Structure formats: structure tokens, C-alpha cells
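# Descriptive structure summary
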Amino acid sequence: MLHSLWQYRHFVISSIKNELKSRFARSKLGGLWMLINPLAQVLIYALILSNILAAKLPGIDNKYAYAIYLMAGLLAWNLFSEIVSRCLTLFIEQGNLLKKMSFPRITLPTIVVGSCLLNNVLLFIAMLGVFLVLGHQFSWVMLWLIPLTFIVVMLAIGIGLTLGIINVFLRDIGQAFPIFLQVWFWFTPIVYPVNIIPESYRELLRLNPMYSITDAYHQILAYGKPPLMGDIAIISVIALGLMLLSLFMFRRASPEMVDAL
Amino acid sequence: MTLLSVQNLGKAFRSYRSEWQRFAGWFGIPIKPSKELWVLRHINFEIHPGEAIGIIGRNGAGKSTLLKMITGTMQATEGHVQINGRIAAILELGMGFNPELTGRQNVFHAAGLMGFSVEQVLDAMPDIEAFADISDYFDEPVRVYSSGMQARVAFAVATANRPEILIVDEALSVGDAAFQRKCFHRIESHMNAGMSLLLVSHDVESIKKLCTKALFLKNCSQQSFGEAKVVCDEYEKHLFGSASGESQENTIQGARKQECSPLLIDQSLLVTDELSYGDGRAIIEEVWFENSSGKPANILDIDNTFAIKYRVLFKSSVVSPIFSFLIKTLEGISIYGTDTESLGSETKGYEEGDRVEISFNLKNNLASGTYFINCGIRDKLSEEISFISRRVDVAMFKVNQQKDTGQVGLVNFGAKFSSEIIQH
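Procedures and definitions
- Residues numbered from 1 in each chain as written.
- Chains lettered and ligands numbered in written order.
- Predicted model: local features only at pLDDT ≥ 70, side-chain atom pairs only at ≥ 80, totals over all residues.
- Helix = DSSP H or I, 4+ residues; strand = E, 2+ residues; numbered from the N terminus.
- Buried ≥ 20, exposed ≤ 12 C-beta atoms within 10 Å, placed from the backbone.
- Contact = placed C-beta atoms within 7 Å.
- Nonpolar A, V, L, I, M, F, W, Y, C, P; charged D, E, K, R; others polar.
- Pairing = 2+ DSSP bridges.
- Axes fitted to C-alpha atoms, helices over the stretch in contact; angles between N-to-C directions.
- pLDDT = per-residue confidence, 0-100.
- Parallel < 35°, antiparallel > 145°, perpendicular 65-115°, else oblique.
- Left-handed = near helix turned anticlockwise from the far one by under 90°.
- Expected span 1.5 Å × (residues − 1).
- Bend = angle between axes of the 7 residues up to and from the residue.

## Structural notes on the overall build of chain B
When you go through chain B residue by residue, the secondary structure sums to nine helices and 18 strands. Counting the 424 residues in chain B, one finds 36% classified as buried. Looking at chain B alone, contacts between residues at least 24 apart form 74% of all its contacts between residues at least 6 apart.

Dropping the structure here:
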């Protein structure tokens, strides 16, 4: 799998490039839209919710604390949900290509991950710019984001690829999962701080793998503290396990997928 | 050395009672599929360097499935394909093209999809650009291309580097005639350099022309494999001759067939999709051909005379009928048609119950091939052009070539060559 991926590296890179080019072809602002969209999302949430929630964000001495908190969480969530939702329909969208061309199938999810990562890096740079304007502190703790990003990617591949494969055979998944993803978003402390959840329910959050990730992002970006090592270790194992499972399924399902497309 | 060997290849589409059983199968839990639908089975053939094999068969015979398995996009259920060399497949032109990108960018992308490195693409780029021959459009977005232009670029990429085996699936039926010719030229020159070709086409003539061998798929299995001409003839026989008895009475196949020597009649030339209509005042009962010596025949010789004949039964009196016929190609292109009015022939009126034999005598100026005819009767006195009786695609005949004269086209002009020196 890795060998064929290496042979097709040019194809993967040119696909990612082309995807960007074609997405912004004939638009005046071009690549800026990639940043405007998530930042506008932040602005909307901040405008609507900051007054309600601002008082409940302890530990950040910045009057834009809520906006910073929001951006930190969205950085993690956007990467996750983008990879998952694109993997979900990946094989169906590329069905014709899969049927008519012989090439390593693993390049397709790789292209998705590559282009989502690129988006995420650009979004991160834009956020740093916003942080600078808002007068928020940077620190070396941010280097933690590099391994964290990998964990998010592994988790997203694990879930997205598995569902994407199943979706080829059971198309209900493609309809149902986006709804579930919405619910998931609101059950993860991203637009609200974790302390507004009643004490007795907070333990349930542990079941949400995205909670420990967004929490780590919050710690790093909003509070300038390193993440909780225990949580990170557990989620890395889960993410790696899910990714290996999905790759195993991918190997097994590849021959049958073309028949069903 | 064989480039490609296909052994006992078969493909079945499996369905399970529940998709969950399929998923369980991936994890090693053996579950029998509830249904297996075999779309192809027991295919065996080999390709040697420089050989060209045509694959023919009706729609749904499994041609594309076979190509997909050889290309590797589809996994065989049984048997295996052994490949020694690089395969390039054109199952569809313009795969992976992005309409927003320029031709050049798409070439890069598509070549990457075929597994070429950047250097290889850069090397081949001038050649690709020259072959596509679409001038400045090469650097315009593909969305402004005509479909023909897109096909040009796509074909140029697909055949830029000579593969060991080229697989083509009816992809060449696009683009203008000049470009198609260019494509065939390139395929031929690659083949001269040792490339093998696997071609799927409905056009039997181009298979005969390009291929040395042919594989005929019928009902999901291998009907025959061998010399292209022999297999193609068998296929044509199957294609036009698979009729049941229903239209027998309409054709030459009826009572007359016993009288004839087998050389004159090809039993397989049986029309299956005839269309007949009319106002019922008369019916065309039977249509047949007679050769120059007056014998019923549907295999006719080039240059000889022949007759189109039909028998009409009048159900009520018609004062001035017009009789007509039309000769067409298999594709439906009209070649020659006329009627008694245009010929200036006088026809008399007929009474109810009259049975009349109509005969048009013609000189056979057709080139070799298979042709259809229409026959009809009109009423001269009626205001609008409506048929008393008309039968479309009522019969077929074949024009035979005694020897391979190398002529092309539909019509035999009987060219004579002469030359004289006018300057020395």
C-alpha cells in the first residue's frame, strides 16, 4: 500500500493542487474564501453567544476570551468533520473513476487528507493572525498541535474511511451520518465551555473521543498550557486502532467496492 | 512469451441477504452469498507481442466486464489474468479530467493517474500537444472544449507512452473522421513497434481491419476465439440470424429456400425488426431477390444484375398504384431508391383479389457488405403521400466479394486505370 502510494505521489500532489485551483477558479477572492468561511462562523457564534457565555470562561484574561476559545475548538473540529464527511462520500463520488481506471485506491483518501490538512494549516495561520490582533499570547506549547493534528487525522480516517466503505453498500449511512455529525458537534464543548454542563453528566463526556481532542486544543491555544497526557495517550490509541481497522476493511472491501458502484 | 494470459476467467456478482453478512465476510466469517450472478465465465485466451485481438459480442455479453478485469479495476471471481508488461486502458476518454483546469494541467493530472512521473510527463508533453493539435486551446480550461477536442487531448495522453498492451473500449467513436484516422494511425504505428491491442467494438469491419484474432462472447461465455475474419462472420451470423420463426413467412426463407443451392442463400440473413404498415387495400406478401440467372438468392455478386421482387395481394381495387423500393446500409443510410412513377413506368389498375408479382431489375453497383431494403405501394390518386402497404427493413442481402479487391466504401464505381506520359 505504501509503496504504490509513493509511486503515485505526483498524482496525489497534483490532485491536491488541482482541487484547490478548481475550487477557486473564476472566483475573485479565490483562496481567501477558505479562510473567510470558518472565520465568519467564529464571528457569528461570537456575536450571538459571547454575552451569554463570556462570564463562564475562567482562566483567560482577554476580553475576547470567548472568540479565542471558539477558534481553538473549531480548528480541531473542522479538520475532523471535513475529513470524515468527505471520506463518507468519497468512493461513491469517484465511482466512475474507480470503475474505469486502474490506480492504487489508497490515493483517494490520501488526497482527501492532504487537502484537508492544507486547509487546516491555512486556517491555523489565519487564526494566529486574529490572535495577534486580539492581543493573545503565543507560546511554544503550540508545538503540541503537530502531534495532535496527527491524532485528529487518524481518528477522522478511522471513522470516515470505515463509514465511506460501508456507505458504498448501504447508502443510508451517507444520509444518516451528517445528521449524527451535527449532533456530535453540539455534544462536544466547542461553542460552550465544559463547565456549563452539570457536574453529574460531565463524566459522560469521556465517552466522546472528540472531547479530549478539543479539550487539548483549548488548553494549548486558549490557556497556553500543555494538554493532559493521560487523555492524549488514550485517544491516540483509540485513533490508531480505528485507523488500522479502517485500513484493514479498506483492503478487504476494495475488490468488492467496484462491483457495487 | 505471452504478454497477457487469461485463464478460466469468471466474474460473479454476489448478493447477500443482508449487507452486514458481506461486512462479516471481510473479517473472515465465512457466509455464503444468497445469490451469485455470473456475468462471465470460462474465458481463456492469450496475447503475444504485436498481436491484436478484437472482442465482439452483443450488449451485455460481458465485454466491458472482461476489459475491467484485465485492466485490474474489477476483481475476478475465479481464474486469473497474468500480465507481463504495462497496460494502458482507454475504457472511457477523458477520465479524471477536471473542467476548470486547462488542457495542459489535465494532461499532467491524467498522466499522473496512469502512474507516470513528472519527468516522463514533461518529456511526452510536446508530443501530446502536437498530437492533440488543438492549438491555443491547449492552455484554456477544458470546459470550453468541444467534446471532440476533449477526446483529442484524452487520446493523446492515453497513448503518449507506448504501453505493451493497449486496451480500447469503443472510445474511438468520437472526434471527427480525420482525428479517428489519426488515432488508428497511432495505434498501428505502436503495433508495428510491438504493442499488442485489445479492442472492443461493435464495428465488425474495424475489427477485421485492425485485429488478427477475435474473441466472440455470447451469453456471458466464450463462444469462439480464433482468426478475426472467421469469428467476425460467426458473430454477424449470430447477430442477424438469431431470429425465431416468427418472421419466416415474410422472407425468402419460406417455401423457396429448399429450391436453392446453399451458395446463393445465406440463412442467417434474417430480418428481425421489420416494420410494416398501410391502409390495408393491399399487402406485400413476400419479398425476395433473384440473381442474374433468375434464381432466388440473397448473396449477390458485385457487378452482376439482380432483381428485387415482391408479391402483392390486392384486397380492394386500386386504380393507379405506385410501386417503390429503397436500398439502405446497416446503419440506415439510404443508397438508392426509386418508384414506378419516377421511372415513368405505366402501371395499370388492379381489382380485388389480384395477386401481382413486382420486379425491379438492377445492376449491382454496390461494394461488398450487407444491405437492407424497404418496399412500398402508394396510391397516385391520393392527396397526401400515404402508403397502401409499406414494409421497412423487410429483407437483407449481402454483396459478396469474390476476392479481396481492397476497395473501400459503399459503392462500386468500377474504376479503370490508365496513364500516359505527358512530359519526359
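## Comments concerning the overall build of chain A
The secondary structure content of chain A amounts to eleven helices and zero strands. The helix and strand sequence of chain A, counted from the amino end, reads α-α-α-α-α-α-α-α-α-α-α. Expressed as a percentage of the 261 residues in chain A, the buried residues total 40%.

## Topic: the interface of chain A and chain B
With 26 residues of chain A in contact, the opposing surface of chain B contributes 27 residues. Counting only elements with at least two residues in the side of chain A that touches chain B, the list comes to helix H2 (9-23), helix H5 (95-100), helix H7 (145-169) and helix H11 (229-260) of chain A. It is H2(A) that contributes the most residues to the side of chain A that touches chain B, seven residues altogether. For the side of chain A that touches chain B, the residue count by class is 14 nonpolar, seven polar and five charged.

## Brief notes about the environment of Arg391(B)
Residues and elements named next belong to chain B. Considering the arrangement of structural elements, one finds Arg391 in strand E18 (residues 387-400). For Arg391, a count of 24 C-beta atoms within 10 Å translates into the label buried. Through-space distance from the C-alpha of Arg391 to that of Leu275 is 5.8 Å; in sequence the pair is 116 residues apart. Setting aside chain neighbours within four positions, we find Arg391 in contact with Glu274, Ser276, Ile284, Val287, Asn374 and Cys375.

## A closer look at the pairing of strand E15 (residues 334-339) of chain B
Residues and elements named next belong to chain B. The sheet contact formed by strand E14 (residues 321-329) and E15 spans five bridges and is antiparallel. Bridging from a neighbouring strand, Phe325 pairs with Thr338 of E15. Connecting E14 to the next strand, E15, in antiparallel fashion are four residues, including Gly332 with a positive phi near 95°.

## Let's talk about the environment of Leu123(A)
Residue and element names in this part refer to chain A. Relative to the assigned elements, Leu123 resides in helix H6 (residues 107-134). What makes Leu123 buried here is the crowd of 20 C-beta atoms within 10 Å. Sequence separation between Leu123 and Met71 is 52 residues; the distance between their C-alpha atoms is 9.7 Å.

## Some remarks on the sheet that holds strand E11 (residues 282-290) of chain B
Either a parallel or an antiparallel arrangement is found when strands of a sheet pair, and the pairing is made through backbone hydrogen bonds. Residue and element names in this part refer to chain B. The strand order E11-E13-E16 describes an open sheet built from three strands, whose pairing is antiparallel. In the strand order of this sheet, the two ends are held by E11 and strand E16 (355-363), each with one partner. Strand-to-strand twist across the sheet, computed as the mean angle between neighbouring axes with direction ignored, equals 20°. Here strand E13 (residues 305-314) pairs with E16 via nine bridges, running antiparallel.

## Considerations on the confidence of the model for chain B
Residues and elements named next belong to chain B. Confidence in the prediction of chain B, expressed as mean pLDDT, is 80, and 90% of residues score 70 or more. Long-range and interchain partners of residues 242-262, a stretch whose pLDDT sits below 50, account for 33 contacts in this model, where long-range means more than four residues apart. Confidence estimates for the predicted assembly give a pTM of 0.70 and an ipTM of 0.74.

## Structural notes on the packing of helix H4 (residues 65-93) of chain A against H7(A)
Residues and elements named next belong to chain A. Between H4 and H7, the shortest axis-to-axis distance is 7 Å and the interhelical angle comes to 25°. In terms of orientation, H4 and H7 fall into the roughly parallel class. In this structure, H4 meets H7 at a crossing whose hand is right-handed. Classifying every residue of the contact of H4 with H7 by side-chain character gives 19 nonpolar, five polar and no charged.

## Brief notes about helix H4 (residues 118-132) of chain B
Residues and elements named next belong to chain B. Taking 1.5 Å of rise per residue, 15 residues should cover 21 Å, and H4 covers 19 Å from first to last C-alpha, within 8% of that figure. The largest bend in H4 is about 45°, located at Ala124, with the proline Pro126 one to four residues further on. Those residues of H4 lying buried are Val121, Ile128, Phe131 and Ala132. Where the residues of H4 are buried, they touch helix H3 (103-113) and helix H5 (147-158). Positive backbone phi, approximately 55°, marks Asp133, located one or two places after H4.

## What about unusual backbone geometry?
Residue and element names in this part refer to chain B. Non-glycine residue Asn8 carries a positive phi angle of around 45°. Position of Asn8 among the secondary structure elements: in strand E1 (residues 4-15). With a phi angle near 80°, Asp303 is a residue other than glycine that sits in the positive phi range. With respect to the secondary-structure elements, Asp303 resides in the loop between strand E12 (299-301) and E13. Taking the C-beta count within 10 Å as the criterion, Asp303 has 14 such neighbours and is therefore assigned partly exposed.

## Things to note about H11(A)
With 32 residues, H11(A) should cover 46 Å at 1.5 Å per step; its first-to-last C-alpha distance of 43 Å lies within 8% of that length. Taken as a whole, H11(A) carries its principal kink of about 55° at Ser254(A); the proline Pro255(A) stands between one and four residues after it. Taken residue by residue, H11(A) has Ile235(A), Ala239(A), Leu242(A), Met243(A), Ser246(A), Phe250(A), Ala253(A), Met257(A) and Asp259(A) as its buried positions. Looking at the buried side of H11(A), the elements it contacts are H4, H5, H7 and helix H10 (209-222) of chain A together with E1 and helix H1 (19-26) of chain B.

## What to know about the environment of Ser359(B)
For Ser359(B), the position within the fold is in strand E16. Residues in contact with Ser359(B), not counting those within four places in the same chain, are Ala307(B) and Lys309(B).

## So, the packing of H4(B) against H5(B)
Residues and elements named next belong to chain B. Direction vectors running N to C along H4 and H5 enclose 145°, while the axes themselves pass 8 Å from each other. The interaxial crossing formed by H4 with H5 has right-handed handedness. Mapping the contact onto sequence places Ile128, Phe131 and Ala132 in H4 and Arg152, Val153, Ala156 and Val157 in H5. For the contact of H4 with H5, the residue count by class is six nonpolar, no polar and one charged.

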